[in-house]
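Remarks on the overall topology
Each chain, letter by letter, is given below.
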Amino acid sequence: MANSEFDTIAAISTPAGEGGISIIRISGSDALQVANQLVKDRDLTKVASHTINYGHIIDPETQEEVDEVMVSVMLAPKTYTKEDVVEINCHGGLLATNRTLQLVLSHGARLAEPGEFTKRAFLNGRLDLSQAEAVMDLIRAKTDQSMQVALNQLDGDLSRLIKKLRQDILDVLAQVEVNIDYPEYDAVEEMTSQMLKEKATEVRQHLVALLQSAKQGKVLRDGLATAIIGRPNVGKSSLLNTLLHEDKAIVTSVAGTTRDVIEEYVNVNGVPLRLIDTAGIRKTDDQVEKIGVERSRQALNAADLVLLLIDASRELTGEDQQLLTATEKKSRIVILNKTDLPTKVDANQLKAMLGDTPLIKTSITDHTGVDQLGETIAHLFFNQGIESHQGDVMVTNARHIGLLHQAKEALDDVLKGLADGMPVDLVQIDMTRCWDLLGEITGDSYQDELLDQLFSQFCLGK
Ligand code: GDP
Ligand code: ZN
């Protein structure tokens, strides 16, 4: 697709209000010309591509100086969008950046829609669809781990696998097509069915593995829903504050729709935790001894992981027992807190009650056991509950997951059809559907391409 088909777009491409430098990105065939009208002391049309140039932004109407800038000039096609790209690094703070953007917009560029630079990279053939989506995920990534998944995807891991699976399917379909031309041979029909069955089974296994990875992928992106529970005064708020404080890279505190719901994200040993019902925990402090089992139960239902605190300096109460029972089936860690005080809970007895559940002894006030808690959480997440897929292809995108499900169903139909002795040319339709659906993940076109390929491979000279 030629650059000229697109108008020139611009936007601030650094997060609003952060850092000393903001970058305005301009992309399109007029990018250079737009910027050149605004930059004093440099003729940008004369500078070499992929250079950074010092200069000043001036308002051409008033000759007023707006900002001191560095201007990157990158000519097509070796740019993010494959179009001419100019990036203006503004130094003068938010106000100057906004004024500069306004000037860019009043001199030939239009404000880019969200994701439009990436969309262009896709339309101009630089990224395929799953890679473009990976960029979106990257922007939203909350932890190092999810960043890595998005980076792998951007790198094309998923695309490569999907493309390989599609090619495998295509080879079989082509073979089927050839064999259908010789219906007089029963042996050929037999062979074709066998081939379809083997390939469908094999591809299906890959899809199932990808769908399994999706579960962990989702967690990496959204955080592991974690409930901190325990009866009043065991140290829930203290633990919450410790976790929040430890995490040097807290990403967000999102206020939900109801005033009460606050979700906080922390990164514990590489595991993103989404702490649920933290408002409930904070409220406890004002209401002294009021919030009990009922509230905890609600948080429990929504939780992927439960951190259940028990006060080591008090005898186990009925309330502790109820919470232990209520969490039996959950992925949980029991934390015996306040171990700095004289102990009234028999840790061995508790351990015997817990079976496989990890028991961690802490003193949150003395900061002992907190590191071990982090390690235990990471161990649960990466080695047990959900396996680690580090380095493997991982699917995190809802659209991809949906398509993978449908593709798997198409293969189920293939296998069922074959088992029921359906004619091969009908079974072939489901196999083709699987191929189409996988193609939608990478944004490849379907039917026509299938026909073209079949034609070029097998119908030559016929
Ligand atoms: P919550 O009601 O479960 O949220 O409990 P808090 O976190 O509000 O703690 C209740 C009280 O126990 C506070 O005075 C804390 O300082 C104290 N506390 C929390 N953890 C420990 C601990 O490990 N050792 C001791 N000695 N006191 C603790
Ligand atoms: Zn509290």
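Computed from a prediction, not measured in an experiment: that's the story for all the values here.

Annotation from UniProt places "binding site: Mg(2+)" (unreviewed entry) at Ser-237 and Thr-258. Overall, the relative accessible area of 16% leaves Ser-237 in the buried class.

By the burial criterion, the buried members of helix α11 (residues 318-326) are Asp-320, Leu-323 and Leu-324. Projected down its long axis, α11 shows its buried positions confined to an angular sector of 100°, all on one face. One side-chain oxygen at the N-terminal end of α11 lies 3.2 Å from the backbone nitrogen of Glu-319; it belongs to Thr-317.

Attention now goes to the sheet that holds strand β3 (residues 39-40). The strand order β3-β4-β5-β6-β2-β1-β7 describes an open sheet built from seven strands, whose pairing is mixed. Looking at which strands have only one partner, the edges of the open sheet turn out to be β3 and β7 (110-111). One ladder, built from nine bridges, connects strand β4 (residues 51-59) with strand β5 (residues 64-74); its direction is antiparallel. Within β5, the residue paired with Thr-51 across the bridge is Val-73. Of the strands in this sheet, β1 (9-12), β2 (22-27) and β7 are in contact with helix α3 (residues 116-123), which crosses β1 at around 135°.

Take the site of ligand 1 next. The immediate surroundings of ligand 1 are formed by 15 residues, with Asn-233, Lys-236, Ser-237, Ser-238 and Asp-340 found nearest. Asn-233 places a main-chain nitrogen or oxygen 2.8 Å from an oxygen atom of ligand 1. Ser-238 is positioned with one of its side-chain polar atoms (N or O) 2.6 Å from an oxygen atom of ligand 1. Burial of ligand 1 by the surrounding chains reaches 77%, relative to a free accessible area of 580 Å². Partitioning the shell around ligand 1 into residue classes produces four nonpolar, seven polar and four charged.

All right, on to the pairing of strand β6 (residues 85-90) then. Counted residue by residue, β6 has six buried out of six residues, so it is predominantly covered. With burial as the criterion, each face of β6 is covered, one bearing Val-85, Glu-87 and Asn-89 and the other bearing Val-86, Ile-88 and Cys-90. Summarising the sheet, β2 and β6 pair through six bridges and their orientation is antiparallel. Paired with Ser-27 across the bridge in β6 is Val-85. Note: β5 against β6, six bridges, orientation antiparallel.

A word on the side chain of Asn-337. In this structure, Asn-337 sits in strand β13 (residues 332-337). Exposure remark for Asn-337: the relative accessible area of 4% places this residue in the buried category. Asn-337 has contacts with Val-234, Gly-235, Leu-309, Ile-310, Asp-311, Ala-312, Ser-313, Thr-362, Ser-363 and Ile-364, leaving out every residue within four places of it along the chain.

So, about the pattern of salt bridges. The final tally for this structure, using the stated rule, is 16 salt bridges. Across the pair Lys-199 and Glu-202 runs a salt bridge whose closest N-O atoms are separated by 3.3 Å. Pair noted here: Lys-199 and Glu-202 are both in helix α7 (residues 186-222), with a separation of three residues, about one helical turn. Lys-199 gets classed as buried once you look at its relative accessible area, which sits at 16%. The class of Glu-202 is partly exposed, set by a relative accessible area of 31%. Salt-bridge contacts for Arg-231 lead to Asp-320; the nearest nitrogen and oxygen are separated by 3.0 Å. Of this pair, Arg-231 sits in the loop between β8 (224-229) and α8 (236-246) while Asp-320 is found in helix α11, placing the two residues 89 residues apart along the sequence. A residue is classified by how much of its surface remains accessible, and Asp-320, at 1% relative accessible area, is buried. Three or more residues are tied together by salt bridges with common partners; here these are Lys-164, Asp-168, Lys-199 and Glu-202.

Rules and cut-offs
- Residues numbered from 1 in each chain as written.
- Chains lettered and ligands numbered in written order.
- Predicted model: local features only at pLDDT ≥ 70, side-chain atom pairs only at ≥ 80, totals over all residues.
- Heavy atoms only, no water.
- UniProt positions renumbered as here; feature names shortened; annotations may be inferred.
- Buried < 20%, exposed > 50% of the residue type's maximum accessible area, 1.4 Å probe, protein only.
- Helix = DSSP H or I, 4+ residues; strand = E, 2+ residues; numbered from the N terminus.
- Arc of directions from axis to C-beta.
- Polar contact = N/O pair within 3.5 Å; in protein donor to acceptor, adjacent residues only side chain to side chain.
- Pairing = 2+ DSSP bridges.
- Contact = heavy atoms within 4.5 Å.
- Axes fitted to C-alpha atoms, helices over the stretch in contact; angles between N-to-C directions.
- Near = heavy atom within 4 Å.
- Areas by Shrake-Rupley, 256 points an atom, 1.4 Å probe, with all protein chains shown as cover.
- Nonpolar A, V, L, I, M, F, W, Y, C, P; charged D, E, K, R; others polar.
- Salt bridge = Lys/Arg side-chain N within 4 Å of Asp/Glu carboxyl O.

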